[in-house]
Amino acid sequence: MKIAIIGAGNLGVSIARGILHSGGATSMYLTRRNLSAIRELEAYGNVTLTSDNREAVAAADILIFAVQPGHFGPILESIKDLLHENHVVISTITGFGIERIESILGADRHIIRAMPNTAISVGRSMTCLCANEKGGKRLELASAIFNRMGHTMVIPENRMQAATVICASGIAFWMRLIRATTQGAIQLGFDAREAQELAMHTCHGAAELLIESGSHPEEEIDRVTTPMGCTIEGLNEMEHQGLSSSLIRGVVASFDKISQIRKG
Ligand SMILES: NC(=O)C1=CN([C@@H]2O[C@H](COP(=O)(O)OP(=O)(O)OC[C@H]3O[C@@H](n4cnc5c(N)ncnc54)[C@H](OP(=O)(O)O)[C@@H]3O)[C@@H](O)[C@H]2O)C=CC1
Ligand SMILES: O=C(O)[C@@H]1CCC=N1
């Protein structure tokens, strides 16, 4: 599989690392203007770095775009004449809908939107996917690529904005919760390294437990909360301070911001 990642920044490099570690490409092209920032990726034998998007598009079949929304339209315009029947265009761009991509490339292209998160670099992304009519025939291929680097869900495009918040931004929300728990652990006497280890692995265990058991979170919480015990005391204090409410409001604020990005 020949893959080009157009825009090897934070997300593009995370995807590249995920693909390289999972052995998911026979060759990979990575593009950006400032190549010095990603020179170390040349150590992988099958990786070519270039600032020439047209060179990368011509050399690959799977094109993954990971540039800022404002750069995407002009880049598509600059490569569209190179596209052929075998190309699969995968966009990770926030707020840039399929209709807008089709308005540049035409509807007769395999177009897929993918919304991964940066845990893709360690094979643990939650990635949502949707496609235009033609791209539907390549959704299986796209799912296979992203399944090697975590978990995927095919969704209708009108859920993509919400998926961006929950999965792509969501990893930052969880990081902040891990950091806050770490700060609490330090206050209770652990040194910083131990505190983070405790917080990370407890978070990991909570997610694994739900994934493996299929339980509802409250069912698992009921198993932990001893009547009149310390867990319910802590949980209730967190809720008095607005834990669930602040998370829900943050998710909605993030969603609303994407609506602004779409218009801008
Ligand atoms: N970061 C994340 O976790 C997620 C991001 N996204 C989406 O992915 C996209 C990228 O986000 P992110 O990685 O954070 O952004 P970055 O700014 O880190 O990466 C974008 C990269 O594009 C490169 N670039 C700019 N112009 C060109 C060009 N003409 N040709 C090729 N490369 C170019 C830039 O490098 P240079 O300046 O050197 O050219 C930069 O490294 C955004 O649309 C974002 O909404 C989606 C899900 C998660
Ligand atoms: O913050 C952002 O706008 C991008 C999209 C989701 C993750 N990062």
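Scoring rules and cut-offs
- Residues numbered from 1 in each chain as written.
- Chains lettered and ligands numbered in written order.
- Predicted model: local features only at pLDDT ≥ 70, side-chain atom pairs only at ≥ 80, totals over all residues.
- Heavy atoms only, no water.
- UniProt positions renumbered as here; feature names shortened; annotations may be inferred.
- 1 Å grid on protein atoms, 1.4 Å probe; cavity = no way out; pocket = protein on both sides within 12 Å on 5 of 7 lines; lining within 4 Å.
- Helix = DSSP H or I, 4+ residues; strand = E, 2+ residues; numbered from the N terminus.
- Buried < 20%, exposed > 50% of the residue type's maximum accessible area, 1.4 Å probe, protein only.
- Contact = heavy atoms within 4.5 Å.
- Near = heavy atom within 4 Å.
- Polar contact = N/O pair within 3.5 Å; in protein donor to acceptor, adjacent residues only side chain to side chain.
- Areas by Shrake-Rupley, 256 points an atom, 1.4 Å probe, with all protein chains shown as cover.
- Sits in = over half its atoms within 2 Å of the grid points.
- Nonpolar A, V, L, I, M, F, W, Y, C, P; charged D, E, K, R; others polar.
- Phe/Tyr/Trp six-rings, centres within 6.5 Å; stacked < 30°, edge-to-face > 60°.
- Lys NZ or Arg CZ within 6 Å of the ring centre and 35° of its normal.

Colleague: Could you clarify how one ought to interpret the UniProt feature "binding site: NADP(+)" (unreviewed entry) in the chain in this entry?
Modeller: Here, UniProt's "binding site: NADP(+)" (unreviewed entry) annotation points to Ile6, Gly7, Ala8, Gly9, Asn10, Leu11, Ala66, Val67, Gln68 and Pro69. Look at the named residues: they lie 64 residues apart in sequence, but the longest C-alpha span between them is just 14.0 Å, so in the fold they bunch up. None of the other annotated residues line the second largest pocket; only Ile6, Gly7, Ala8, Gly9, Asn10, Leu11, Ala66, Val67, Gln68 and Pro69 do. Tracing the backbone shows Asn10 in helix α1 (residues 10-21). Overall, Asn10 belongs to the exposed group, its relative accessible area being 71%. Considering the arrangement of structural elements, one finds Pro69 in helix α3 (residues 69-79). Those residues in contact with Pro69, other than ones at most four positions away along the chain, are Ile93, Thr94, Phe96 and Ile261.

Colleague: What should I look at first to understand the site of ligand 1 in this one?
Modeller: Around ligand 1 there are 23 residues in total, and Leu11, Arg33, Asn34, Val67 and Thr94 lie nearest to it. At 2.8 Å, a backbone N or O of Leu11 approaches an oxygen atom of ligand 1. Between Arg32 and ligand 1, the recorded distance is 2.8 Å, taken from a side-chain N or O atom to an oxygen atom. Taking 890 Å² as the accessible area of ligand 1 by itself, protein coverage stands at 81%. With respect to the detected pockets, ligand 1 is housed in the second largest pocket. Every element with two or more residues in the shell around ligand 1 is listed here: α1 and α3. A total of 3 residues in the shell around ligand 1 trace back to one element, the largest contributor, which is α3. Split into classes, the residues belonging to the shell around ligand 1 amount to 10 nonpolar, 11 polar and 2 charged.

Colleague: Sorry, what's going on with the site of ligand 2 here?
Modeller: Close to ligand 2 lie Thr94, Thr164, Ala168 and Ser169, which account for all nearby residues. Protein burial of ligand 2: of its 250 Å² of free accessible surface, 44% is covered by the chains. Put simply, ligand 2 lies in the second largest pocket. For the shell around ligand 2, the residue count by class is 1 nonpolar, 3 polar and no charged.

Colleague: Is there a simple way to explain the packing of aromatic side chains in this structure?
Modeller: The geometry of an aromatic ring pair comes down to the distance between the two centres and the angle between the two planes. Evaluation of the coordinates by the stated rule reveals 2 aromatic pairs. With a centroid separation of 5.4 Å and an interplanar angle of 55 degrees, the aromatic rings of Phe65 and Phe72 are classed as tilted. In terms of burial, Phe65 and Phe72 fall into one category: buried. Ring centres 4.8 Å apart and planes at 75 degrees place the aromatic pair Phe72 and Phe96 in the edge-to-face group. Of this pair, Phe72 sits in helix α3 while Phe96 sits in the loop between β5 (88-91) and α4 (98-105), placing them 24 residues apart in sequence. Across the pair, exposure class does not vary: Phe72 and Phe96 are buried alike. One aromatic cluster is present, formed by Phe65, Phe72 and Phe96 through successive ring pairs. Here Arg100 stacks its cationic end above the ring of Phe96, 3.9 Å away from the centre of that ring.

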